[in-house]
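# Report on the structure
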Amino acid sequence: MLLYRFDPKNAKMNNNPIGIFDSGIGGLTVVKEIIRVLPDENIVYLGDTARVPYGTRSKEVITKFALELVNFLLKREVKFLVVACNTISATCLNEIIKVSPVPVLGVVDPTIEFAVGMTKNKKVGVIGTAGTINSRAYDQRILQGNAKIKVSSVACPLFVPIAEEGLADHQVARLIATDYLKDLRNNGIDTLILACTHYPLMRKIIEETMGSEVVLIDSAKPTAKKLKQVLKENNLLSKKKNPKYEFYVTDAPERVLKVASRFFGNVLNGYLKKITLPIL
Ligand code: DGL
């Protein structure tokens, strides 16, 4: 696939937008934190709501879809790409880095860095989509960082539809969380990584199920913090105030507005646009 290219060296980069993408709306949990820590940055977000979930798909298909999203954002001359999806970051971050003319930040490494610094008993749990857990990206990278850490991973595939259906506080969420998390509760972990950008929406139930002694780490804060640091180091911070936001989805913008408003208020109002597939 031929990716759109511009030469970042010749471009006036600072005020170009940051491109942020996800398989759906989960990446908005990362966007919210990025807006909080980097309030002057222009943002273009793309959520592939026509093809979500990615978490049940093969690496080959996830990579193909992800590169299409990257291409869409590169055409908008983004200065930086944030992969606000654990499934994509865990599966094909290297493939994205290989083709991108601008720097790329995934959610896996910043999240791990944070979690490794938090655990005291060196027992860390990871929950995510089947794609993320089966990739073993978290287990391998955590052990590379500290070989003494014992990692227990569990796929929680129903958490994404539960969060999207607005059932995060419902009894059904509690029952499913109790079942998915029972082994982790018995493993004595003191830190649990929510390795899916949808899972912060399920935080309350996960917290109640795991107990207050387990620290929950999600991707939003570590990724936004790392992004700020990298933009600063590369002299890429925006030099303007009053940022512009554009949010694109590939299907059902009315549903996205409804679901997103439950978690983010009216942040998308007036900014949300639909694009049609194919998006090349
Ligand atoms: N937002 C995706 C992630 O972080 C989960 C949704 C999906 O399966 O596509 O893994």
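Description of the structure in this document. Sequence order as written defines residue numbering, which begins from 1 separately in each chain. In keeping with the model being predicted, local features are shown solely for residues with a pLDDT of at least 70 and side-chain atom pairs are shown and tallied solely at 80 or more, while totals for entire chains, interfaces and linings include all residues. Side-chain measures were taken over the full set of non-hydrogen atoms in the model, leaving aside hydrogen atoms and water.

### Details of the overall build of the chain
In plain terms, the rule: Only runs of H or I of at least four residues qualify as helices and only runs of E of at least two qualify as strands under DSSP, and these elements are numbered from the N terminus. For every residue, the accessible area obtained with a 1.4 Å probe (protein chains only) is divided by the maximum for its type, and the residue is called buried under 20%, exposed over 50%, and partly exposed between those limits. Contact between two residues is taken to exist if any of their heavy atoms lie within 4.5 Å; hydrogens are not considered. The method behind every accessible area is Shrake-Rupley, applied with a 1.4 Å probe, and residues are considered shielded solely by the protein chains displayed. Only four residue types enter the tally: Lys and Arg on the positive side, Asp and Glu on the negative side, with His and both chain ends excluded. Taken as the charge centre is NZ of Lys, CZ of Arg, CG of Asp or CD of Glu, depending on the residue.
Secondary structure summary: the chain contains 12 helices and 10 strands in total. With the C-alpha coordinates of the chain rotated into their principal frame, the extents come out at 55 × 40 × 35 Å. In the chain, which comprises 280 residues, the share counted as buried stands at 55%. For the chain, the share of sequence-separated contacts (at least 6 apart) that also reach a separation of at least 24 residues comes to 78%. When the accessible surface of the chain is summed, it comes to about 12,700 Å², and 52% of that surface belongs to carbon and sulfur atoms. Positive and negative charge centroids in the chain, built from 39 and 27 side chains respectively, lie 4 Å apart.

### Focus on the sheet that holds strand β8 (residues 215-218)
Selection criterion: Two strands are said to pair when DSSP picks up at least two bridges between them. In this analysis an axis means a line fitted to C-alpha atoms, helices contributing only their contacting stretch, and an angle means the value between N-to-C directions, from 0 to 180 degrees.
Spatial ordering of the open sheet is given by β6-β5-β7-β8, a layout of four strands whose pairing is parallel. Each edge of the open sheet is held by one strand with a lone partner, namely β6 (150-155) and β8. Going from strand to strand, the sheet's axes swing by 20° on average, the running direction of each strand aside. Here strand β5 (residues 123-128) pairs with β6 via six bridges, running parallel. Across the sheet, glycine 125 pairs through a bridge with serine 152, a residue of β6.

### Some words on the site of the ligand
Condition: Near, as used in this document, describes a residue that has one of its heavy atoms within 4 Å of the molecule or strand being considered. Gly counts as polar in this scheme, as do all residues outside two lists: the nonpolar Ala, Val, Leu, Ile, Met, Phe, Trp, Tyr, Cys and Pro, and the charged Asp, Glu, Lys and Arg.
Near the ligand you find 14 residues, and of these Ser23, Tyr54, Gly55, Asn86 and Thr87 are the closest. Computed on the free molecule, the ligand has an accessible area of 300 Å², of which 99% lies beneath the protein chains in the complex. Considered class by class, the residues forming the shell around the ligand number six nonpolar, seven polar and one charged.

### Focus on the pairing of strand β3 (residues 80-83)
Rule in force here: By convention, a crossover is right-handed whenever its connection, traced from the first strand over the helix to the second and viewed with the strands pointing away, goes clockwise.
In β3, alternate side chains face the same way, and those of Phe80 and Val82 on one face and Leu81 and Val83 on the other are all buried. Here four bridges tie strand β1 (residues 18-22) to β3, and the two strands are oriented parallel to one another. Bridged to glycine 19 within β3 is leucine 81. By the bridge criterion, three bridges tie β3 to strand β4 (residues 104-106) in an arrangement that is parallel. From the neighbouring strand, valine 83 faces β4, where its bridge partner is glycine 106. In this fold, β3 hands off to helix α3 (residues 86-99), which returns the chain to β4; that crossover is right-handed.

### Quick notes on the packing of aromatic side chains
What counts is decided by this rule: Pairing of aromatic rings covers Phe, Tyr and Trp, the last counted by its six-membered ring, and requires centre-to-centre distances within 6.5 Å; plane angles under 30 degrees mean stacked, over 60 mean edge-to-face, and any other angle means tilted.
In total, this model carries seven aromatic pairs according to the counting rule given. Aromatic side chains tyrosine 54 and phenylalanine 65 sit 5.5 Å apart centroid to centroid with 55° between the ring planes, which places their arrangement in the tilted category. Highlighted residues: tyrosine 54 in the loop between β2 (43-47) and α2 (59-75) and phenylalanine 65 in helix α2, separated in sequence by 11 residues. Judged by relative accessible area, phenylalanine 65 falls into the buried class, the value being 9%. Between tyrosine 245 and tyrosine 271, the ring centres sit 5.8 Å apart and the planes meet at 80°, which makes this aromatic pair edge-to-face.

### Quick look at the sheet that holds β4
Taken in spatial order, the six strands make up an open sheet running β4-β3-β1-β2-β9-β10, and their pairing is parallel. Because the sheet does not close on itself, it has two edges, and the strands there are β4 and β10 (272-274). Adjacent strand axes in the sheet meet at a mean angle of 20°, parallel and antiparallel pairs treated alike. Of the pairings in the sheet, the one linking strand β9 (residues 245-249) to β10 comprises three bridges and is parallel in character.

### Brief notes about the side chain of serine 152
With respect to the helices and strands, the residue serine 152 is situated in strand β6. Apart from residues no more than four positions distant in its own chain, serine 152 is found in contact with Val124, Gly125, Val126, Leu184, Asn187 and Ile189.

### Looking at the packing of helix α8 (residues 171-180) against helix α10 (residues 203-210)
If you want to describe how two helices pack, look at the angle between their axes and the distance between the axes. Let me state the cut-off plainly: Just so you know how the angles are binned, under 35 degrees is roughly parallel, over 145 roughly antiparallel, 65 to 115 roughly perpendicular, and the rest oblique. Left-handed describes a crossing whose near helix is turned anticlockwise from the far helix through less than a right angle; right-handed describes the clockwise counterpart.
Viewed as axis vectors pointing N to C, α8 and α10 meet at an angle of 50°, and their least axial separation amounts to 10 Å. It follows from the interaxial angle that α8 and α10 lie oblique. In this structure, α8 crosses over α10, and the sense of that crossing is right-handed. Counting all contacts with α8, which are made through Ala173, Arg174, Ala177 and Thr178, the residues of α10 involved are Ile205, Glu208 and Thr209.

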